Structures are given as structure tokens and as C-alpha cells.
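What follows is each chain in one-letter form.
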Amino acid sequence: MIPEKFLDFSKRGKVPLTGSRAIAFGVFLSRANFIAAYPITPQTEIVEDLSQLATLREKEMEFMKVESEHSAMSSCIGAAIGGARAFTATASQGIEYMHEVVYWAGGARLPIVMAVATRVIAPPWSIQNEHTDFMLQLDNSWIQFFAKDPQEALDTIPIAYRVAEEANFPAMVGIDGYLTTHFTTNVDVPSQEEIDSFLPKKQIKDFWPRTLYAVVDERYFNEHRYKQYKAFLASSKIIEKVEKEYSKKIGRSYSAIEKFNEDSKNLILVIGASFGEAQLAAEELTKEGIKTGAIRLRRLRPFPEDEIKKVSKDAEKIIVVERSFATGSFGFIARELRAILGEKVKSFTTGLGGKDITKETFKKAVKLATKNERGWIL
Amino acid sequence: MITIKDILKEGKDEVWLPGNLSCPGCGASLGLRYLARALRNEEFYVVIPASCSSVIQGYWPNSAAKFSVINCAFASSASVATGLSRAFKLRNKKAKVVVWAGDGGTADIGFATLSGAAERNEDFLYIMYDNEAYMNTGIQRSSQTPYKAITTTTPLGKREEKKDLDLIMMTHGVYVATASPAFPLDFFEKVRKAISLPGFKFIHFFSPCPPGWRYPSEKTIEIARLAVQTSFFILFEFENGKVKISQPSLAYREEKNRKPLEEYLKLQGRFKDISEEDVKRMKEWINQKWKTLEKFE
């Protein structure tokens, strides 16, 4: 239960929140009015908190307990078509089970927001943290953010809604299972008034009588997808504009990548909560004479190609440390980076099944990369 | 009782347009035509999962529907309808939501979703148009395919009985009705009644399919009528825990009053190899169906 004293949204203030609760607060402040809930560890607290928050807005918020994740996303699709601001949260097997309709939401260009509390996909069974579930969603026409801590998780939800509704694409917000979902920090919670001034009411487009998502034959299909692709890439500009406005209205700035000593010849690249450890590793390595910086990829889709190119222009090695399991040539993000930057990208896999990623892990990876090696840190 | 005159008074134009992409004699297209006419005074939104109806409505940018259609993934229709009807409720929008799904999309792949929506008593009308197989992919058996019917995946005839979806839906405690294209006024009344009730409503619409059942396309209504006259398909309503046999089926409660089942079977190529023993078993199945319904009267 959320303590009563945290439920005053009329004033801005610092509140100790877990990452899950921060997401729930972000969703409530964004005035999402259709929540589809299905339990899966480690996202369950998000929907539990939302069930409590929904009681504060009884007639203005539908909290729907569905019978599967497939139905959670399907009902978000129906609700978004019907004019509601829809939200759901999931992880792991859940997102795999709903995958078909995740793709549908992207193709239908519906501004749904979904939080993913990352977790291993079985087998073997494990409920621990891993980013594979999030990474498998990279090419579904969803805008994808990955937050590093509860504060950023909260802030990213209203940003995601604003972007989704302006760009007409759904948006996914990832946070690390346990490391962020179950980790409590003081979070500066904006007031309802502040968020309202940033995120306007959803524009409702009525469609009577219209047919949606009918069969498109081969004369038009390719062109249809091309338009979708162009629009998706163009959403980068909307995201940058919206992030600037969030900074102006709320006072916290976010961008596609976060940088630390980025003018170093070795650059560690990470996603999510491990960024702090990566920074510590970079500092120690630099002291030892191996000049190292770190960057965190906050936005995965649309992929911030230009920003990455710019920041890594003078780097000799890009050490990509990924907490996800890919059986292709390299890690999910390393593939992308190799396509842009070539051989200087070194791919490392580690941290699977909740294994800690510490500064030592990063230091090992950097040292291997300087010897032109890549692979696993066990 | 509604009459043809009443219906024509509401407008002679069609709400579901002719010249659509259905096969000649398609039961589903007839069903959509009656459904659209029954709801012509409403703002109504029809959710259609993958099925023949995804095709027969027409290819973009054409559409046979003069109402709103939301196409959706196979197993998702009851949930898409749930989201839509709840969003309309939030906006106080007076619109009706209807699912129009095939038997595969309802009784097989969409079954968990259907049951979930019925259990939560979501506010929409779900219509299963039952052509007793996966017809859009080329006649593969479903749980609604009857015993001994030949499909492309049951070349020797189906070994199992048709799953009693009506009974399963009845145990959810919701409004359930069956309807047939041979009795359009009965279907009209059931649609209008169902749409006026709050909560979840389920209609099972019998939908003969000329290429799938292997009969000449002009015989759709004859076959649909024979299905009722032989009690192969019984028309009834289930409301507040009670079954009420509908007028067209009332005369066939006693086996001696029914037309011989053979008359229904022999018109269809899918039953061409049926044995006397099989026919006996099917007649027994019909008697059982009556007994089950009578328990709820």
C-alpha cells in the first residue's frame, strides 16, 4: 500500500519511491485513464500501486484486470482506438506472450505506453534481471527508452506519452528488474499542475464510419511501410523537442545518450542501472593510465545514430557491455554499433540471470578490448 | 414481432454493401448484412479478428461496411472490444461495440480471451459466425467442425463431436442466443435485444459455407433451414439462467416431428462418406443437445 502521506499530488516534493512506484506515479500524473493489469514478477508492484491510485479517480480511470498479457495489450489497443490514454506493464514471458499484439500496436501507430521491468526469459526458469526481453522488442515500431533509476523512470512516463501522442507511435519504458524496480531512492515528484502544463489532454480522433487495419494489397503495402518507417525516424526530432520542454517545465534534462568523460580513447557503453558502476570503472582505469569514459544509451529506438557517431568520433575502442543474450553475431546493441562504427566496437555479454555487473566487470571488459578481444565476462 | 415491413420502413438501402469479396452464397456475408440492418440506427463499431470477414469486407481503400470496422489479431477480438467499450464509457459516448468472429477465432484460438471478457461481464455483443471450420485458410477442422465432416485436415471425417460452446458460454451466466440466416427476423430480434442489455452478450450464428461444406451456392438458405428443421442446429435464447426455445425450433422438440437428418447431410459433400451408424450417432447427439437445453428450461 502507498502511504497516505505520499498521495498529495497538489505539491511538488521529494518522496522515497521504488522504481516500480515511481513508474506508477508517472502514469497517474500523466492521467492515463485505461490501465490493463496482469501480474508478472518483477513488474507486479507497478500495477498493484496503480490499482490503489485508480481509486482516487474512480469515474475517470478504468483499471482492468485481464486474463493474459496478450489481452493486456489487445485491450490497450482497443482503448487507445476508443480515445483513452492506455498503459500496461509487463516483463519476460509476458512480453513474449503478447508479442503479436505489441507489433500490432506499433503498426497501428497507437500511442500506448508500456513499462517493462526487465527479466530473464526461460528456460531455465529465473525471475532475475536481464535485458533480453526488452531487446527482443527493438524492431516493432515502438519508441524505446531505458531509464537508469526511479527518478528517471518517473520522468520518462509523461515524456513517453507526450512523444507517443505527437508522433503516433507507442512507447516502451524499460527499467532494470530489482536493481530499479525494487530499489528505493528519494524521488522529486512533480505536482499534478506541472505535469498537466507539460502534457495536454489526449486529442481524440473519432472514426465513424471508418475501417481500420483492412487488408492492403501488394500495390500499396511497400509504400505503406515506407511511410511508417519515415515517420518513425522522424519521431527523433519530436523526442528532442519534448525533452527540451520537459527540462524547461520540470527542470530535469534528458537526452538520447548520457555521457561521462566521453573524450576518452576507450568508451564503455551500457544500458540502465549499471551506468554508475561503469563510471566508477572508467575513473579507476583512467587513474591507472587507461583513459576511459562511459556512455549510457537512454533511447534505443529510434536509434540515436548521429549522437553515437559524434560522441565516439575520436574513441579507439567502444566497449559494449550487454546484459542480454543474443545468439547472433554480437550483442543486440553491439550489432547496431558495428554497422555504424565497424571493428572498434567490442561486444561483451555478462550479467545474465541477475549476475552482478560491478566496476570490476567493466574493467575486465576494457582490458580485454584493448587486446582486441570480445566475448563473455563470466 | 418485427416484420419485413418494419425493417423496410427504416430504410431500403443496405448498410453492408453488395458486391463485396465474399464467395457466392456466403452465410457470413448474409449475417453481416442482417446485423448491419438491425443496428442501422446506432453508431456501432464491429471488431473483426482474422477470418473470412477480414477479406470479404474489401481491400483498402475499399470497404463494404457503412459502419466502423476495427480489424484485429486472431486471438484478440474480445479484448480489443473490451478496451474500446471501456474507452467509450469513459467518454460517455453512446456507441455499441460488436465482435464478429469466426468459429476458430472464437472457440479455439480466441477462447481464453472470450471467456475472460464474459467472466468480467464486459459491455459488448460477441457474435460467433460458425461455418464449422477454418474456411479462410482453406477448410481445416476446428473444434466447431461436426462429427464426420470432411475437411482438408480430416480427410476421413472428423473423429470428435462439435464442442458445445453454447453450453460453455451459458455457464458464464451471460445472455446466449443462437441464430440462423434462414430465420433473419429471429436474428434481428436477438441482435436488437442483446444490444439493449447491459454487460456481455453472446450470439452463435449458423453460417453455411458453399465451398467449405461442398454444396451449390444457391442452397445456403435451404441448408440453414434444414439444419433447424432437423434440429442439427437448435434456435434458443438463454437469459437469467433460463433457456427459451425460439419459435422456429419449437416444432422440432419431438424427434418424430423433425425432418430426417439424412436430408440435411446428403446435400453436403463434406458428409459424402457418412455411414448409417454415424447418422445414428449424430441423431443421438441431437437428442442429447435437446436434453441439455431442456434442463435449463
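All of these numbers come straight from a predicted model, not from anything done at the bench. (Residues numbered from 1 in each chain as written. Chains lettered and ligands numbered in written order. Predicted model: local features only at pLDDT ≥ 70, side-chain atom pairs only at ≥ 80, totals over all residues. Heavy atoms only, no water.)

### A closer look at helix α4 (residues 77-90) of chain B
Residues and elements named next belong to chain B.
- If you check α4, its first and last C-alpha atoms are 20 Å apart, about what 14 residues at 1.5 Å a residue would give, namely 20 Å.
- Most of α4 sits inside the fold, with 13 of its 14 residues counted as buried.
- A positive backbone phi angle near 50° is found at Asn92, which sits one or two residues after α4. (Helix = DSSP H or I, 4+ residues; strand = E, 2+ residues; numbered from the N terminus. Expected span 1.5 Å × (residues − 1). Buried < 20%, exposed > 50% of the residue type's maximum accessible area, 1.4 Å probe, protein only.)

### Here's the deal with the interface of chain A and chain B
- Listed by partner, the interface residues are 39 residues for chain A and 40 residues for chain B.
- Carbon and sulfur atoms supply 63% of the area that chain A and chain B bury against each other, a total of about 2,900 Å² over both sides.
- Contact with chain B buries area across many residues of chain A, yet A:Glu62, A:Trp208 and A:Val215 alone supply 22% of it, more than any other trio.
- Counting across the interface, chain A meets chain B through 5 salt bridges.
- Between B:Lys89 and A:Glu62 there is a salt bridge, with the nearest N and O atoms lying 3.0 Å from each other.
- Where chain A meets chain B, there are 14 residue pairs in polar contact (both at pLDDT 80 or more). (Contact = heavy atoms within 4.5 Å. Buried area = accessible area lost by both parts, 1.4 Å probe. Salt bridge = Lys/Arg side-chain N within 4 Å of Asp/Glu carboxyl O. Polar contact = N/O pair within 3.5 Å; in protein donor to acceptor, adjacent residues only side chain to side chain.)

### Quick look at the sheet that holds strand β5 (residues 113-117) of chain A
- What the 7 strands build is an open sheet, ordered β3-β2-β4-β5-β7-β6-β13 (chain A); its pairing is mixed. Looking along the sheet, the strands with just one partner apiece sit at the ends: β3 (62-65) and β13 (299-301) of chain A. On average, each strand axis in the sheet is inclined to that of its neighbour by 20°, with strand direction left out of account.
- The sheet contact formed by strand β6 (residues 143-146) of chain A and strand β7 (residues 171-175) of chain A spans 4 bridges and is parallel. Looking across to β7(A), one finds that A:Gln144 is bridged to A:Met172.
- Strands in contact with α4(B) are β2 (34-37) and β3 of chain A; relative to β3(A), the strand with the most contacts, it is inclined by about 160°. (Pairing = 2+ DSSP bridges. Axes fitted to C-alpha atoms, helices over the stretch in contact; angles between N-to-C directions.)

### A closer look at the state of the cysteines
- Enumeration according to the criterion identifies 0 disulfides over all chains in this entry.
- Take A:Cys76: it sits in no disulfide, and the sulfur closest to it among the cysteines is that of B:Cys72, at 14 Å. (Disulfide = S-S within 2.5 Å.)

### A word on empty space enclosed by the protein
Residues and elements named next belong to chain B.
- Inspection of every chain in the model, using the stated rule, returns 4 cavities of 30 Å³ or more.
- By volume, the largest cavity is sized at about 120 Å³.
- Considering the residues around the largest cavity, the lining is formed by 15 residues, among which Lys162, Asp166, His204, Trp285 and Lys289 are closest to the centre.
- Looking at the lining of the largest cavity, the elements with two or more residues in it are α7 (165-170), β6 (201-206) and α13 (276-295). (1 Å grid on protein atoms, 1.4 Å probe; cavity = no way out; pocket = protein on both sides within 12 Å on 5 of 7 lines; lining within 4 Å. Points joined across faces, edges and corners; volume = space filled by probe spheres on them.)

### Examining the pairing of β6(B)
Residue and element names in this part refer to chain B.
- The buried count for β6 comes to 6 of 6 residues, which makes it a mostly enclosed element.
- Side chains Lys201, Ile203 and Phe205 project from β6 onto one buried face, and the interleaved Phe202, His204 and Phe206 project onto a second face that is buried too.
- Where strand β4 (residues 125-130) and β6 come together, 6 bridges link them in parallel fashion. Residue pairing for β6: Asp130 is matched across the bridge by Phe206.
- Examined bridge by bridge, strand β5 (residues 175-179) and β6 share 5 bridges and lie parallel to one another. Its bridge partner lying in β6, Val176 is registered against Phe202.
- In this view, the connection linking β5 to its parallel neighbour β6 by way of helix α8 (residues 184-196) has right-handed handedness. (Right-handed = clockwise from strand over helix to strand, strands pointing away.)

### Some details on the sheet that holds β4(B)
- Taking strand neighbours across the sheet as the criterion, the 9 strands line up as β9(A)-β2(B)-β1(B)-β3(B)-β4(B)-β6(B)-β5(B)-β7(B)-β8(B) in an open arrangement whose pairing is mixed. The open sheet has two free edges, formed respectively by β9 (211-212) of chain A together with β8 (242-245) of chain B, since each of these has just one partner strand.
- Sheet strands touched by helix α2 (residues 27-38) of chain B: β1 (44-49), β3 (96-102), β4 and β6 of chain B. Its angle to β3(B), the strand with the most contacts, is close to 170°.

### Quick look at the packing of aromatic side chains
- Considering all chains together, one arrives at 26 aromatic pairs over all chains under this definition.
- Measuring from ring centre to ring centre gives 6.1 Å for A:Trp104 and A:Tyr213, while their planes differ by 90°; the resulting arrangement is edge-to-face. Separated by 109 residues along the polypeptide, A:Trp104 in helix α5 (residues 99-107) and A:Tyr213 in the loop between β9 and α9 (221-250) bring together distant segments of the chain.
- When the ring of A:Phe325 is compared with that of A:Trp376, the centres are 6.1 Å apart and the planes differ by 65°; the resulting orientation is edge-to-face. Of this pair, A:Phe325 sits in the loop between β14 (317-322) and α12 (332-341) while A:Trp376 sits in strand β16 (residues 375-376), and the two are 51 residues apart along the sequence.
- Aromatic ring contacts, followed pair by pair, group A:Phe207, A:Trp208, B:Trp16, B:Phe44, B:Tyr45, B:Phe67 and B:Phe88 into a single cluster.
- The ring of A:Phe28 is capped by A:Arg57, whose NZ or CZ atom sits 3.6 Å from the centre of that ring.
- Geometry around A:Phe275 places A:Arg296 over its ring, the cationic atom sitting 6.0 Å from the centre. (Phe/Tyr/Trp six-rings, centres within 6.5 Å; stacked < 30°, edge-to-face > 60°. Lys NZ or Arg CZ within 6 Å of the ring centre and 35° of its normal.)

### Observations regarding a nonpolar patch on the surface
- Among the surface-exposed residues, A:Phe325, A:Trp376 and A:Leu378 lie close enough to one another that they form a single nonpolar patch of about 390 Å² accessible area.
- Overall, A:Trp376 belongs to the partly exposed group, its relative accessible area being 46%. (Patch = residues over 30% accessible without salt bridge, like charges linked within 9 Å, V, L, I, M, F, W, Y side chains within 5 Å. Areas by Shrake-Rupley, 256 points an atom, 1.4 Å probe, with all protein chains shown as cover.)

### Re the layout of surface pockets
- In this structure, the largest pocket encloses a volume near 1,600 Å³.
- Lining the largest pocket are 49 residues, and of these A:Gly107, A:Ala108, A:Arg109, A:Leu212 and A:Tyr213 lie nearest its centre.
- Looking at the lining of the largest pocket, the elements that each hand over two or more residues are α3 (69-81), α5, α7 (150-167), β9 and α9 of chain A together with β1 and β2 (68-72) of chain B.
- Sort the elements by how many residues they give to the lining of the largest pocket and α9(A) lands first, with 6 residues.

### A closer look at the pattern of salt bridges
- Enumeration over the complete set of coordinates arrives at 57 salt bridges over all chains.
- A salt bridge links B:Arg86 to A:Glu62; the nearest nitrogen and oxygen atoms lie 3.1 Å apart. Here the residue B:Arg86 occupies a position in helix α4, and A:Glu62 occupies one in strand β3, the pair thus bridging two chains.
- Members of the salt-bridge network, linked through shared partners, are A:Glu62, A:Glu67, B:Arg86, B:Lys89, B:Arg120 and B:Glu122.

### A word on the nonpolar core
- Ranked by internal contacts, the top residues of the largest apolar core, which has 152 residues, are A:Met73, A:Ile112, A:Ile333, B:Trp100, B:Tyr126, B:Phe200 and B:Tyr264.
- Among residues more than four places away in sequence, those in contact with B:Phe200 are B:Leu114, B:Ala117, B:Ala118, B:Asn121, B:Glu122, B:Phe124, B:Tyr126, B:Met169, B:Val174 and B:Tyr175.
- Residues A:Leu17, A:Val27, A:Ala89 and A:Ile239 belong to the second largest nonpolar core, which totals 54 residues. (Core = buried A, V, L, I, M, F, W, Y, C linked by side-chain atoms within 4.5 Å.)

### A look at the side chain of B:His204
- By secondary structure assignment, the location of B:His204 is in strand β6.
- When near neighbours in sequence (up to four residues on either side) are disregarded, B:His204 contacts B:Met128, B:Asp130, B:Gln144, B:Lys162, B:Asp166, B:Ala177, B:Thr178, B:Ala179 and B:Phe233.

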